[in-house]
Amino acid sequence: MLQGTLDLLILRTLILGAQHGQGIAAAIELSSQDELLVEHGALYPALQRLEERGWVAAKWGTSTNNRKARFYALTAAGRKQLVKETEKWKRLSTAIERVLEPGAQES
Amino acid sequence: MFRGRRKQRDFRQEIEAHLELEIERLRERGLSAEEAAAEAHRKFGNMLQAEERFYASQHWLWLDHLRQDVRFGLRMALRNPGFSAVAVLTLALGIGANTAIFSLVNAVLLRPLPFADPDRVFSISERRSNSHEANLPVSGHEYMAWKQEGHSFAALALDHFEAPTLTGRGDPETVRALRVSADMFPVMGLAPELGRTILPGEDRAGQRIAVMSDAFWRSHFAADHKILGQTITLDDQNYEIIGVMPPMPDSLTPDVWLPIDLNDAVRSVGRHNLSVYGRLKPGVSIAQAQADVDVISSSLEQRLPKDNTGHMAAVIPAREDIAGDVQKALLVLMGAVGFVLLIACLNVASLLLSRANGRRHEIAIRKALGASQARLVRQLVTESMLLAGAGGILGLALAVWLGRLLPYIHGINIPLAETMAIDRSVLAVTTMISLFSGLAAGVVPALRASRRQAVPEMNEARTVSAEPARRRLGSLVVAAQVAMALVLLVGAGLLMKSFIRLVNVDRGFKTQNILVANISLPEPKYRDAHETRRFFRELLDRLAALPGVKSVGGTSNLPLQRGDNWVAITIEGRPELPPGQGIFAPLRSVTPDYFRTLGIPLRAGRFFNSNDARLALPLIRWFPQQPSPANLDKPQPIPVALISEAMARQYWPNENPLGRRFRVLFSPWITVVGIVGDVKHSALDAPMNPHVYLLYSQEPFADMGLAIRTTGDPAALANAVREQVRSLDADLPVAITQMDRVLADSVGRQRFYVVLASAFGTLGLGLAVVGIFALASYSVSQRVREIGIRVALGAQRRNILWMIIGPGMLPTLAGALIGAGGALVVTRVIRSFLFKVSPKDPMTLAAAIVLILIASLLALWIPTRRAMNVDPNVALRCE
């Protein structure tokens, strides 16, 4: 997976509300129709990184099925970052698209 | 950064929670418990790696590693106390010497001068087309022209040094007084600590006010705050104390500032005895100021050609005015001591290389366990940094100690050296030097040690002979050390030879067994030349009568003590010389026995005698309107002079000067009655200048230096001399020393340089010898088995000797060769410090090479003996 992509996906997932790591992984898999498989092991250092940058805040809570889990929520800074990252990503994907399908824009 | 720092345990719990949640989800999809667990773990991937990445993100890993490295380094250092001690001591010597010299350089050349905005303070002094001397004193009319016509200076001040006698406070004492114009205080830009300073308008005749230095206030008035309004008596006149200046370095402050008589100073055209200091206006550059002053100089030259032809003025930064003489020498010393540091670093590098070899096994294991090369290098460099750190601390202590020693070295005569201290910039530089040393000594050994392949090293049994690469590198290090040590030795040798030549130069007078007493008669009390003459005649008679005194001579100015007194001379019957090209010669007034006392030989004619004493006094400043003494109508002895050989050669070439006449300033014609030997009057390295001697009883001076030749130890007579002075005038201070001391002090600065250069040379040599010794010892220890085999196979002790000495001497020889070439280039920078020695002096170079070769042989002696005594039975069994 591209550097930074995982961060974007996590932030995007959290916009729907606080979620724990496993939930985030499941949500990404679900919403990408299993197209994007996240190695769960990579998820946690990424979450840690986002937490350190102040884009997500974490606290221990209880999951829907009454298990202890660490919940992550988007902060204001994280929201801003998500907008920025999304725009960047869109620009990038448009650019790639242009390269792959030249002329698509004109038609 | 530290916000929300999580514990590793918390992270692990989170992962466990994740796995449980995942298993649950999978089981909901219908997987069995085992299948779900396996799948959850598979999806998670490498758990350990995740944890490691988390750990790395949570900690400043390098700090962690540093802590490990330091702890490990300390353990290593303590396990090898001998090695560590040698390394730390070596670095301490190098760092300490560098810190000491830097703190001197910092004090003299770098630390801002204690004036407000010191970069704007300049001196203006005179340069003359017919004089080599750079900074000549200024005449008052020049000062006035600069002040009135110049536009560059916000304030321009005049000063003149005096040494009046302080009385009424215990023993009479000579104090350092600076007669200044009121502008001096704005030029310095310093406010008084107490009271006020001299105000504009107060710098005129009859103003008896004094501003004291902080040091004088503390030493003489116990820092009394009620001092203002009290008086001090200088030369029998009372001065009201109006202020105390803040503390300043001793070499920048007099004891008291007194107002100068500005009108008198400015009126005197042609009398050059003043110094001028100015503060540049903001925004004016030194070049602008110089151009400004140049314009005025040339206008003066046109207006008053007689007094100003060829007189140019130079605007010089205050720092250069104060320390310009020593700047170059200090920088050269910095360079030399830098060499010492490099040699020390190479030594430690060499030691580390040897030890790294002993640690091959350890390093190989570390590598096999997955340590990266970068990690290993970091650990090894940390170890050398620890050594350098310890060396730095010890070196700092050494520098502090050396700095304390400085005041005890006599006659160094380096301005501002007294302010030498370990301040923040010295600490910063020491830290930098230590870091540099640690890197310089540690990086190459660390790189080499960590580059080796792990597996072969671990499997390898001891090889028979030492690793050739290590020896090549070691030899290179030794060669570099020897080369640098040789350069230092040659430099020190040249300075030493020059110094020996200097102190043994024919100075034209004797110094042994001569007591020196300087007496200065205060003007108000001894206003009359006759009184002055009477006093000294009486004193000299009394001193000559003391037991143990062979002869007593007096002069206005003893050799090597104060600057010369140059006067204009007109020779009878010669055409008048154009302005700026007149004859000037130093003049001394002497008593008849002066020459005999100092052992100055007569070359032709006669000495002075008592029949030459005249009634009309003085000769040079004699004005007919003075009251005529009794018997002046009787025939007077003619004015007479002695001249030096150089004077005779220069101004009466191919002529007999005896009986010829000349005039000094506005004196009557003076007849040359004798020629005496040349004397080094101003300095031992100065040329023998033409010189004029007048007779004391014809031209009395109020300041006299007495030379008293004794039969025994001159010091024993000091009290008797003081007693005699006191019995004539109890208020006269008398400064007593010995001629030998005067001579020694006159070359104090040169001696200081020689001592330092020799210390650096010795240190460099010593360190290089240790390096040679270490390399050879290491080489022998590595080759014990080889030597054992050779001996067992029938090698003679002679063969073993050559086996060690040969390769041991090779790097020394190479280093000596390189060093000799380097010395020929490098010693050029000390050419100006050398007296009658060429920087390419072959004897010095040869001596230094021989010294270094002998030292290397001695260094090789112990390892070689050990090699020759190897017992093959023991050597072969030890594996």
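Summary of the structure given here. Going along each chain's sequence as written, the residues are numbered from 1 onward. Chain A is the first chain written and ligand 1 is the first ligand written, with later ones labelled in order. Local features are withheld for residues below a pLDDT of 70 in this predicted model, meaning they are given only at 70 or higher, and side-chain atom pairs are given and counted only at 80 or more; totals for whole chains, interfaces and linings count all residues.

Side note on the overall build of chain B
Now for step 1: Note on conventions: DSSP H or I runs of at least 4 residues are helices, E runs of at least 2 residues are strands, and numbering of each starts at the N terminus. On a plain count of helices and strands, chain B comes out with 27 helices and 24 strands.
Now for step 2: In summary, chain B has a C-alpha radius of gyration of 38 Å against a globular reference of 29 Å for 879 residues, an excess of more than 25%.
Now for step 3: When its C-alpha atoms are laid out on the principal axes, chain B stretches across 140 × 80 × 55 Å.
Now for step 4: Counting other C-beta atoms within 10 Å of its own, a residue is labelled buried from 20 upward, exposed at 12 or fewer, and partly exposed in the gap between, with every C-beta atom placed from the backbone. A buried classification covers 41% of the 879 residues belonging to chain B.
Now for step 5: By the criterion used throughout, residues are in contact when their C-beta atoms, derived from the backbone, lie within 7 Å. For chain B, the proportion of contacts with a sequence separation of at least 24, taken over those separated by at least 6, is 84%. For the radius of gyration, the atom set is restricted to C-alpha positions; the globular benchmark scales as 2.2 Å times the number of residues to the power 0.38.

Section: the nonpolar core
All names here are of chain B.
Now for step 1: Within the largest apolar cluster, 114 residues are counted, with the highest numbers of intra-cluster contacts made by Val108, Val348, Ala485, Leu486, Phe760 and Ile852.
Now for step 2: If one sorts the elements of this core by residue count, helix α12 (residues 318-358) sits on top with 21 residues.
Now for step 3: Residues within four places of Val108 in sequence aside, it is in contact with Ala323, Val326, Leu330, Ile414, Pro415, Leu416 and Ala417.
Now for step 4: Ile519, Ala585, Leu598 and Leu694 belong to the second largest nonpolar core, which has 56 residues in total. Think of a nonpolar core as buried Ala, Val, Leu, Ile, Met, Phe, Trp, Tyr and Cys residues, each tied to the set through C-beta atoms within 7 Å.

Looking at the interface of chain A and chain B
Now for step 1: Every contact between the two is made by 19 residues of chain A and, on the other side, 20 residues of chain B.
Now for step 2: Elements represented by at least two residues in the side of chain A that touches chain B include exactly α2 (21-31), α3 (40-53) and β3 (68-74) of chain A.
Now for step 3: The element contributing the most residues to the side of chain A that touches chain B is α3 of chain A, with nine residues.
Now for step 4: In this classification, the charged set is Asp, Glu, Lys and Arg, the nonpolar set is Ala, Val, Leu, Ile, Met, Phe, Trp, Tyr, Cys and Pro, and all remaining amino acids, among them Gly, are polar. Here the side of chain A that touches chain B is composed, by residue class, of five nonpolar, seven polar and seven charged.

Considerations on unusual backbone geometry
All names here are of chain B.
Now for step 1: Not every positive phi belongs to a glycine, and Asp236 is a case in point at roughly 70°.
Now for step 2: With respect to the secondary-structure elements, Asp236 resides in the loop between β9 (231-234) and β10 (237-244).
Now for step 3: The phi angle at Asn413 is positive, at roughly 60°, despite the residue not being glycine.
Now for step 4: Relative to the helices and strands, Asn413 is located in the loop between α14 (373-405) and α15 (424-451).

Concerning the sheet that holds strand β1 (residues 19-20) of chain A
All names here are of chain A.
Now for step 1: Paired strands are those between which DSSP finds at least two bridges. Sheet architecture is open: three strands sit in the order β1-β3-β2, paired in antiparallel fashion. Each end of this open sheet is capped by a strand with a single partner; those strands are β1 and β2 (56-62).
Now for step 2: As judged from the two bridges shared by β1 and β3, these two strands associate in the antiparallel manner. The partner of His20 across the bridge, within β3, is Phe71.

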